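The primary structure of each chain is shown beneath.
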Amino acid sequence: MSEIESSSPKPSLRVLEKIADAEDVAPADLHPPLHAVVDPTALDRLFEPTAENRSSRSGRVSFGYRGYEVTIRSNGNIEMSD
């Protein structure tokens, strides 16, 4: 897997940016849309700080999208492999 970096703070947008960049298309031109595969709002909220003590959650989440295996880690790294 290769690590992907982006300036966008939201994981869902970072995923879209990097896949669109890899495929040389605009993020809006990706089909199916990301929300057909995973809930972007839930994805963005997975690693937000908790309300109780403002600490970040740990872990990772992986899903398939457009032939890529995408992994988002709690430290903010996004990995993508085909």
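The rules behind these values
Residues numbered from 1 in each chain as written. Predicted model: local features only at pLDDT ≥ 70, side-chain atom pairs only at ≥ 80, totals over all residues. Heavy atoms only, no water. Helix = DSSP H or I, 4+ residues; strand = E, 2+ residues; numbered from the N terminus. Buried < 20%, exposed > 50% of the residue type's maximum accessible area, 1.4 Å probe, protein only. Areas by Shrake-Rupley, 256 points an atom, 1.4 Å probe, with all protein chains shown as cover. Core = buried A, V, L, I, M, F, W, Y, C linked by side-chain atoms within 4.5 Å. Contact = heavy atoms within 4.5 Å. Salt bridge = Lys/Arg side-chain N within 4 Å of Asp/Glu carboxyl O.

Trainee: Describe the overall build of the chain, naming the residues involved and giving the relevant values.
Mentor: Along its length, the chain carries two helices and four strands. Counted from the first residue to the last, the chain has its helices and strands arranged as β-α-α-β-β-β. Relative to its 82 residues, the chain shows a buried fraction of 30%. For the chain, the computed accessible surface area is about 5,200 Å², with 46% contributed by carbon and sulfur atoms.

Trainee: Could you give an account of the nonpolar core, naming the residues involved and the relevant values?
Mentor: Core analysis: the largest hydrophobic core is formed by 16 residues, its most contacted members being V15, I19, F63, Y65, V70 and I72. Broken down by element, this core gets its largest block of residues, four residues, from helix α1 (residues 11-23). Ignoring anything within four residues of it in the chain, the contact list for I72 reads P11, V15, L43, F47, G59, R60, V61, F63, N77 and I78.

Trainee: Can you tell me about the pattern of salt bridges, naming the residues and giving the values?
Mentor: Enumeration over the complete set of coordinates arrives at two salt bridges. The salt bridge involving E79 is made with R73; its shortest N-O contact spans 3.2 Å. Take R73: its relative accessible area is 26%, and that puts it in the partly exposed class.

Trainee: Describe in detail unusual backbone geometry, supporting the description with residues and values.
Mentor: A cis amide bond links H31 to the next residue, P32, at an omega of 0°. As for its position among the elements, P32 is in the loop between α1 and α2 (40-45). In the Ramachandran plot, D24 falls in the positive-phi region, its phi being about 55° despite a non-glycine side chain. Positionally, D24 belongs in the loop between α1 and α2. The exposed category is assigned to D24, whose relative accessible area is 73%.

Functional significance is not addressed by these values, which are geometric in nature.
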